[in-house]
Each structure stands twice: as structure tokens, then as C-alpha cells.
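# Summary of structural features
Residues per chain, in single letters:
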Amino acid sequence: MDRLTNTIRPYAWGSTTALPTLLGVEPTGEPQAEMWMGAHPGAPSRIDRGAGERALSDVIAADPEGELGAATVAKFGPRLPFLFKILAAGAPLSLQVHPDLLQAREGFEDEERRGVPIDADHRNYKDPNHKPEMICALTAFDGLCGFRPPQEAADLLAGLDVDSLKPYVDLLRAHPEEAALREMLTAVLTADRAEMAHTVHEVAAAVTRVGGCYTPYATLVHHFPGDPGVIAAMLLNHVRLQPGEAMFLGAGVPHAYIDGLGVELLANSDNVLRAGLTPKHVDVPELLKIARFEPGDPSLLRPEGDAEEVYETPIDEFRLSRFLLAPGGASRALPHDTPQILLCTAGSPQAGELALTPGESVFVPAGEKVELSGSGTIFRATVVV
């Protein structure tokens, strides 16, 4: 078992206080958006087994079966198939979707064949993998997830009483559900930028005036004045997670995180198709090919189980569970047939002989036995084989 040294990513949307508060350190004044735990090549965790720090990705590459176990390597290949994060949103993230596995492979191969540099701003596919993900709230957490029914979206837009939105309201009410959502999103993202900026300006004034259920969109227009993603975001369900609640995001599901601190677990990929709320590249045709225009309720999850509370998802690359350790309680022996990362988010528990404080994490290779003890909260990330 190895204590992890992790990288904090300073993305502009990050909170300046949430991660420092969790970690018990002084804020730097700069945004601290994500702490990455795992073996992603972009920012691998580091471990020290007595000969100095090494990247966890290098340690795994040197002995995949020894670190991950034969069953994990046989199913997912010789790399850790998930990336674990603490995400601290102080401003909205981009409105986005992720491809499924076939789309990711085809998109990656196409861009490789066309010679698009892997670090190019207009590159869509950084790897040939899909990116299902889930977010579990540590604080109240606001986000957007999945399309609303078109009639509901039409009512939301109509309630602002903005003349330039009326054609969109009519469009949503005139077509079958999937066609209405596709045509509406296409119209918003391909509209004249100057005209759309004017519409968003009018929406900004309206959401501030009306308040209530429009409050989340006031946050969006504050951070992204004139961005067509503001209108696109009103097609989505607004979700507020309470601590301990989670949200699963499958392929093609449009989403954006707005504010809050959470634990995020995802397949080891960096493939994102953006729809707005960002200065980054927006590839409208590719986005429309990837997005699933299916209205429905978000996939909200609550943990199930007694000693180990599991957040059930339909994929195998990752599995998230939580342990709430009470003072004086019995120790908990963990399954040890798969690799796992253990993250403390509260209290002062122990993983084996290692004492943990909030924000600290450990990597447990497959086959290594470990018991949890003490008091506090530990999240466990592993795989299903």
C-alpha cells in the first residue's frame, strides 16, 4: 500500500477555497480545480517505495499484473482503467458530452489519420477510450444533466418573456421530442454570434429579474456573457446534489457542473465534445453526432449497503463505494482481488498502518490485504472484473 502524492490542477473555474479547506491548508489565492489520483499520463500520482518518488503510471507499466492483478489486465489492458478526482467548482464548467467506446475509437483514429496534433486546440479525441463518469457530492453541488422534455424547456424559456426566444419556444413545441431537441440545439449553436450575444444579454436581465428556478442561469450568464451555451443549458435538467448523493453520466449525455465540491470517478480518458460555456473549441457537427437527444430524469444515485455503501453504475471500468467509520467500531477488511485507491474525506481513519487525514489517499495493489479502522469517511475506487 502506497501513500499518494497528487497533483492539483489550477483550471480557471476552480474554487480558491474548497480544496484548501478540505486539505487543512492555507489558500494560495489561485483557483484549485481538481486533485487527480491515479495513473493518467497528464498528471499521474507519485509513490515512494524507498528509492525516491516515481509516477504511479511508470510503476504499473513496469509490472502490470503485479500491480493490477491478472484479471484486471485481461479485461482492461495493462493500465489503471479509472481516474479518481476531487473536483472543486467555483465557476461553471463547460457544457459537454462524451463519446461511447466505438465513437471514441473511430474519432481518435480519424484524427490520427488526418495528422491532427494530439495537443491541438481543435483536437476532439485525445485517446481511443470512452469517458463515463460520476460525481458524488461532498457539499451541496449544483449541475446540469440530461435533456428536459421539450415542452418543459419551452415553458422555461417562455417564462422569461424575451421576444428573441419565442422562435425557439415555437420550435420546441412543434416537433417530436428528439427532433425538437436536436433542432433547437443546432439552431442555438449555429446562430449568428452577434444576434445570439444580444439574446443572451436579454436573458441575463430576465433571469436576474425573475429569480427562483432561473437562479442557476444567472450564474452562467455572469461567467459567460453572450455565450450561446447559456441558452443551450436551459434545455437541460438542473440538479442539486446533497452530500453523499451522486450523479452518473453515460455517453452522449449533455452536462455541466456549476458549483460545489465532490468526488469524481471516471474512465481513464480525456475525450470531451463541448457545446458552450467555454472559450475552448466547439465542434458543432461532431457534438451533434455524439449527443443523445433523449429527454429524461438524471441518473441520481444514493449509496446502497451496510458496511460498504456502493454507488451502482452500469459500467465496469470503475466502482465507487463509501465507508462511514464510527468511533469504536469494528475494523473493515476490504476485498483485495483488484487494484484500489482509498480517499479520506473526513475524520482520522486508518488504512492498515497508514493514518489518513482529509484529502489524503493511498493506492492498494491487487492482492494486498488492507483493513480500515478508526473514525471518518473513506471513499473506495476500484474496478469490476
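For the structure given in this document, a descriptive report is provided here. (Residues numbered from 1 in each chain as written. Predicted model: local features only at pLDDT ≥ 70, side-chain atom pairs only at ≥ 80, totals over all residues. Heavy atoms only, no water.)

## Examining the pattern of salt bridges
Scanning the model with the defined rule gives 21 salt bridges in all. Here R46 makes a salt bridge to E53, at a shortest N to O gap of 3.2 Å. Between E152 and R148 there is a salt bridge, with its nearest N and O atoms 2.8 Å apart. When its relative accessible area of 9% is taken as the criterion, R148 is described as buried. Residues joined in a network through salt bridges with shared partners are D2, R49 and E67. (Salt bridge = Lys/Arg side-chain N within 4 Å of Asp/Glu carboxyl O. Buried < 20%, exposed > 50% of the residue type's maximum accessible area, 1.4 Å probe, protein only.)

## Some words on the pairing of strand β23 (residues 376-382)
Here β23 lies mainly inside the structure; 7 of its 7 residues are buried. Burial along β23 is two-sided: G376, I378, R380 and T382 facing one way and T377, F379 and A381 facing the other are all buried. The sheet contact formed by strand β16 (residues 319-325) and β23 spans 7 bridges and is antiparallel. Residue pairing in the sheet places F323 in a bridge with I378 of β23. (Helix = DSSP H or I, 4+ residues; strand = E, 2+ residues; numbered from the N terminus. Pairing = 2+ DSSP bridges.)

## Looking at the environment of L343
Looking at the element boundaries, L343 is found in strand β18 (residues 340-347). Taking relative accessible area as the criterion, L343 reaches 0% and is therefore assigned buried. Setting aside its immediate chain neighbours within four residues, L343 contacts M37, F84, I86, V263, G359, E360, S361, T377, I378 and F379. (Contact = heavy atoms within 4.5 Å.)

## So, helix α7 (residues 166-174)
Helical geometry: 3.6 residues make up each α-helical turn, so side chains three or four residues apart lie on a common side. For α7, the set of buried residues is Y168, V169, L171 and L172. Looking straight down α7, one finds its buried side chains confined to an arc of 160°; they lie on one side. Structural note: α7 exposes P167, D170 and A174 on the side pointing more than 90 degrees away from its buried face. For α7, the elements touching its buried residues are α6 (150-158), α8 (177-190) and α9 (193-210). (Arc of directions from axis to C-beta.)

## Structural notes on the side chain of E245
Turning to its location among the elements, E245 is positioned in the loop between β10 (236-241) and β11 (246-249). Judged by relative accessible area, E245 falls into the buried class, the value being 16%. A distance of 2.8 Å separates the side chain of E245 from the side chain of R302, its partner in a polar contact. Residue contacts for E245: discarding those within four places in its chain leaves I135, C136, A137, R240, L301 and R302. (Polar contact = N/O pair within 3.5 Å; in protein donor to acceptor, adjacent residues only side chain to side chain.)

## Notes on the nonpolar core
With 52 residues, the main nonpolar core has L160, L172, M184, L185 and L235 as its most contacted residues. Counting 37 residues, the second largest nonpolar core, distinct from the first, contains L68, F84, Y311 and L343. (Core = buried A, V, L, I, M, F, W, Y, C linked by side-chain atoms within 4.5 Å.)

## Considerations on the packing of aromatic side chains
Overall, the coordinates contain 3 aromatic pairs when judged by the stated rule. Here Y11 and W13 contribute two aromatic rings whose centre-to-centre distance is 5.8 Å and whose plane-to-plane angle is 40°, an arrangement assigned as tilted. Aromatic side chains F141 and Y257 sit 5.4 Å apart centroid to centroid with 75° between the ring planes, which places their arrangement in the edge-to-face category. Residue F141 is found in strand β9 (residues 141-147), and its partner Y257 is found in strand β12 (residues 255-267); the two are separated by 116 residues along the sequence. (Phe/Tyr/Trp six-rings, centres within 6.5 Å; stacked < 30°, edge-to-face > 60°.)

## Brief notes about the state of the cysteines
Within this structure, the stated rule accounts for 0 disulfides. Unpaired in this structure, C344 has its nearest cysteine sulfur neighbour in C136, at a distance of 14 Å. On the basis of relative accessible area, C344 is assigned to the buried category, the value being 0%. (Disulfide = S-S within 2.5 Å.)

None of the figures reported here should be taken as evidence of function without further support.
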